[in-house]
Every structure is written in C-alpha cells, then in structure tokens.
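Close look at the chain arrangement
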Amino acid sequence: MIVFDEVHKVFDRQKCFREAYNSLENVKKQFPGIPIMALTATLGNASIDKLCKDYLNLPVLIKGSINHNNIKLNIGNYQVQRKKKKANNDDGVIGTWDSLSDSLIRHIGDSYAIVFMDFANEVKDFSLCLKKKSDIEIMSFYGKGMRETEKAKVVQDFNDQKFQVLCATESYEVGVHNPRVDFVVRIGCMSNMNVLLQEFGRAGRGEENIAVGLLLVNKHKDDQRLGYWLKGCDTADRNRITNDYMACWKWIYSIYVGNCLRDGVLKYYEEDVICPLVEADDCCSSCELGLEKDFDIQHALILLFKTINELEDVLMKKNRRSVSNKDDILVARCKTGLVGI
C-alpha cells in the first residue's frame, strides 16, 4: 500500500513550492495494482473531489467531523511596536513584541502552550522576548535553518515536559502529538482555514483535556503577509491564495455580527454532521460575548443598514423635508432600534 499522509499539504501550496508534489498525480498510473491511501484532518470539499479524481483509484471516502468540542475558539487583536533604535539589538526586539508578550504570559499561566507564527525570524524574536520577560521555559521550532536532530530534540523535550512553551512556525503543525498541550496561540491571520485547524488541533489531545485556541490578528500587519505569500505566483495561485485569505477574514469578522465561530468553521467545510452541543461560554468568543449582551447584535446591525437606506431616500426628497427633520428621523430610529450599540 502507498500512503499519502497530511495530503492537504499538496493543495495548500504554490505550484512552484515543493514541486515534487506535482508528481504524485502520476502515482496511480505508475502503480495501478497497488492500493493508495490518503490521510488528512483538514481538506475542503473541492480539494477532496480533486484528490479522489486525480490521485486515487476507485476511492472509498471515510470522513469524520473536523469539530473538536473540547477546544474553545477565541479571537483577539494584537499590537506591535517599532523596534527601538538602540545599540543593543535585543532591546529593539523586546520593544517590538513588548505588549503582546506581557499579555500572553498572563494568558498562558501554568498551561502547556504552543505559539504559532508564520516566519522563523518572528519565532526567534518572540521567543527571545518571552524569555527575557518571564521565568517560563521556552524553546523555538522552525523549518529552514534548523537541523533535523535539533528539531527531534525539541519535540522530545516538549513531550517530556522539559519546557512549558513552544514557539514555532507551521512546520510543527502536522504529525505531532503531545497530550499535555492545552493552549494554542496563532499570531497573525492564517493563509487558509486548514492552517488554523491544524494548529489548534495540536491542543486538547489528552483524555478529557479541555483546551483553548486563540487567534490574534492585526489587519494592517497581517495584510503584509498576503503580499509575501503572493510573490512569484501565477494568476491561478494568486487567485486561490487571495480567496483563501479573504475567507479567513470573513470568518474572523463574523464575530462582529454575533455568528458562532464553530458553526462558521463547519459551514466552511460544508459539514452536514450534527455535533454535540457546546455550552456558549465553552464554545467561542462570539457565543461568550452573546451571553454578556442584552440585545441581538445581528438584528441591531440589520436595523442600522435599514436606517441608512431610509435616510438616503429621505435626503433625495429635498422638497418635502428639511435637513433638521432628516436628522431627527435618524436619531429617532437609532434610539428605538439600536439600543446597546
């Protein structure tokens, strides 16, 4: 049998990256009599269709839910400062991540945590910052520039609880099992939803282990990442990467209209599976916010848009109403329909 493990990596890349993956389409022709198995925890329906059609012979699809009820989904913002221009470069690094590291140290507490970032230089800088601002034992893990023996030692030491926090790139996100991890943080909007689920999936693997996945975003800084990801891409890759990235932001922004983040993930993967109910305060940031509010934010926003449309109609009828009357109409509508915003 031939096994493709973590097969989502074949579809979550630029065509010019790891070009050897392109040859996997020929495997079923080269070995027609040998069964092929493809494994992954995260793959959208379009990619599943392509996988079954182009890579496998007479496939049998066995699909479970991507939902993990024991992982709470949280979203927040992060800020960074400009590097301080000092002779000692370390001081400059601390200036960049100062406020974020302080906040994360408080959140991590006694948890065994993984902090995911996109680039190796960010991992190194942020790890250094955390080390200098706390007594927490921290190690780094990244792909390029780190020897395989070093990677293996970091993984083993983390499993053996020799340090508490691992700061890593996505090179750590697949094929790693550590049942003690109960807190995962991603700093920066992901390139696609598969990345987030793979990273959050590192948590909550122990028996009855309740875990938290926290996504921290910064719209301005994160959009710079998109520019980096698009470098050297052909038109097809540019469109796919941009669409995947925008889908991530659509999911993130759904919190502002009161949509459940967990339901949003299931809809993104077009899951028909009915998952066990999760208490609102254990589900996601959006559901937790809903418990704290005494009004329906989604309904309130609909009223706001209706108000704007009606105001535009009023403004077009200059001969029938004065400007002061138009203002009164808007104020009255807001007072009656948008209490609490």
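The structure this text deals with has already been given above.
Cut-offs used in this document
Residues numbered from 1 in each chain as written. Predicted model: local features only at pLDDT ≥ 70, side-chain atom pairs only at ≥ 80, totals over all residues. Heavy atoms only, no water. 1 Å grid on protein atoms, 1.4 Å probe; cavity = no way out; pocket = protein on both sides within 12 Å on 5 of 7 lines; lining within 4 Å. Points joined across faces, edges and corners; volume = space filled by probe spheres on them. Helix = DSSP H or I, 4+ residues; strand = E, 2+ residues; numbered from the N terminus. Domains from an automatic or database assignment. Expected span 1.5 Å × (residues − 1). Buried < 20%, exposed > 50% of the residue type's maximum accessible area, 1.4 Å probe, protein only. Contact = heavy atoms within 4.5 Å. Phe/Tyr/Trp six-rings, centres within 6.5 Å; stacked < 30°, edge-to-face > 60°.

**Examining the layout of surface pockets**
- What the second largest pocket holds in volume is close to 980 Å³.
- For the second largest pocket, the lining is made up of 43 residues, of which L39, T40, A41, I62 and K63 are closest to its centre.
- Those elements giving two or more residues to the lining of the second largest pocket turn out to be β2 (36–38), α3 (45–54), β3 (71–77), α7 (193–200) and α10 (261–268).
- Residue assignment places the lining of the second largest pocket across two domains, with domain 1 (2–56) and domain 2 (71–289) each supplying three or more.

**Section: helix α6 (residues 148–159)**
- Taking 1.5 Å per residue, 12 residues should reach 16 Å; α6 reaches 17 Å between its end C-alpha atoms and fits that length.
- Within the sequence span of α6, burial applies to K151, V154, D157, F158 and N159.
- Of the surrounding elements, those touching the buried residues of α6 are β4 (113–116), β5 (138–141) and β6 (165–168).
- Of the residues one or two after α6, Q161 is the one with positive phi, at around 60°.

**Here we look at the packing of aromatic side chains**
- Overall, the coordinates contain 10 aromatic pairs when judged by the stated rule.
- Here the aromatic rings of F11 and Y55 are separated by 5.7 Å at their centres, their planes lie at 70°, and the arrangement is edge-to-face. Here the residue F11 occupies a position in helix α1 (residues 8–11), and Y55 occupies one in the loop between α3 and β3, the gap between them amounting to 44 residues.
- Residue classification places Y55 among the buried positions, given a relative accessible area of 4%.
- For the pair Y245 and W249, a centre-to-centre distance of 6.4 Å together with 75° between the ring planes defines the contact as edge-to-face. Of this pair, Y245 and W249 both sit in helix α9 (residues 235–253), separated by four residues, roughly a single helical turn.
- Classification of Y245 as buried rests on a relative accessible area of 1%.

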